[in-house]
Amino acid sequence: MSKFIIDIRDDIGDYEAVSALLEVMAVGRISKNDTMYCYHTEMHNGIHVSAMEKRKGNKSERFIIHLNKPKQR
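Read on for a plain summary of the structure. Quantities reported herein were computed from a predicted structural model and do not represent experimental measurements.

## Some remarks on the sheet that holds strand β4 (residues 40-42)
In space, the four strands of this open sheet follow the order β1-β6-β5-β4, with mixed pairing throughout. With partners counted over all chains shown, the strands left at the sheet margins are β1 (3-8) and β4, one partner each. Along the sheet, successive strands turn relative to each other by an average axial angle of 20°, direction set aside. Pairing of strand β5 (residues 47-52) with strand β6 (residues 60-67) involves six bridges; the strand directions are antiparallel. Among the inter-strand pairings, S50 is bridged to a residue of β6, identified as I64. Here helix α1 (residues 14-27) sits on the sheet and contacts β1, β4, β5 and β6; the angle it forms with β5, its principal contact strand, is near 60°.

Here is the structure:
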């Protein structure tokens, strides 16, 4: 059984966040020699899904779902 940690930021709604994550997961594991989900995916609505690399000994997949914010000067 897989375990996922989903960190939703920037007041993105749960439904929007999970929908974006499901789009990434539908493509499959394409990064790091086909062993993990895409490192960073930008959706058409400005939502970004970032897949974090597993830490040694950790069996859970971690995703951060956030909005693209311009860098502040």
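## Digging into a nonpolar patch on the surface
The grouping of F4, I6 and I8 at the surface amounts to a nonpolar patch, some 210 Å² of accessible area in total. Relative to the helices and strands, I8 is located in strand β1.

Each value, and the rule that gives it
Residues numbered from 1 in each chain as written. Predicted model: local features only at pLDDT ≥ 70, side-chain atom pairs only at ≥ 80, totals over all residues. Heavy atoms only, no water. Pairing = 2+ DSSP bridges. Helix = DSSP H or I, 4+ residues; strand = E, 2+ residues; numbered from the N terminus. Axes fitted to C-alpha atoms, helices over the stretch in contact; angles between N-to-C directions. Contact = heavy atoms within 4.5 Å. Patch = residues over 30% accessible without salt bridge, like charges linked within 9 Å, V, L, I, M, F, W, Y side chains within 5 Å. Areas by Shrake-Rupley, 256 points an atom, 1.4 Å probe, with all protein chains shown as cover. Salt bridge = Lys/Arg side-chain N within 4 Å of Asp/Glu carboxyl O.

Nothing here speaks to function; it is all geometry.
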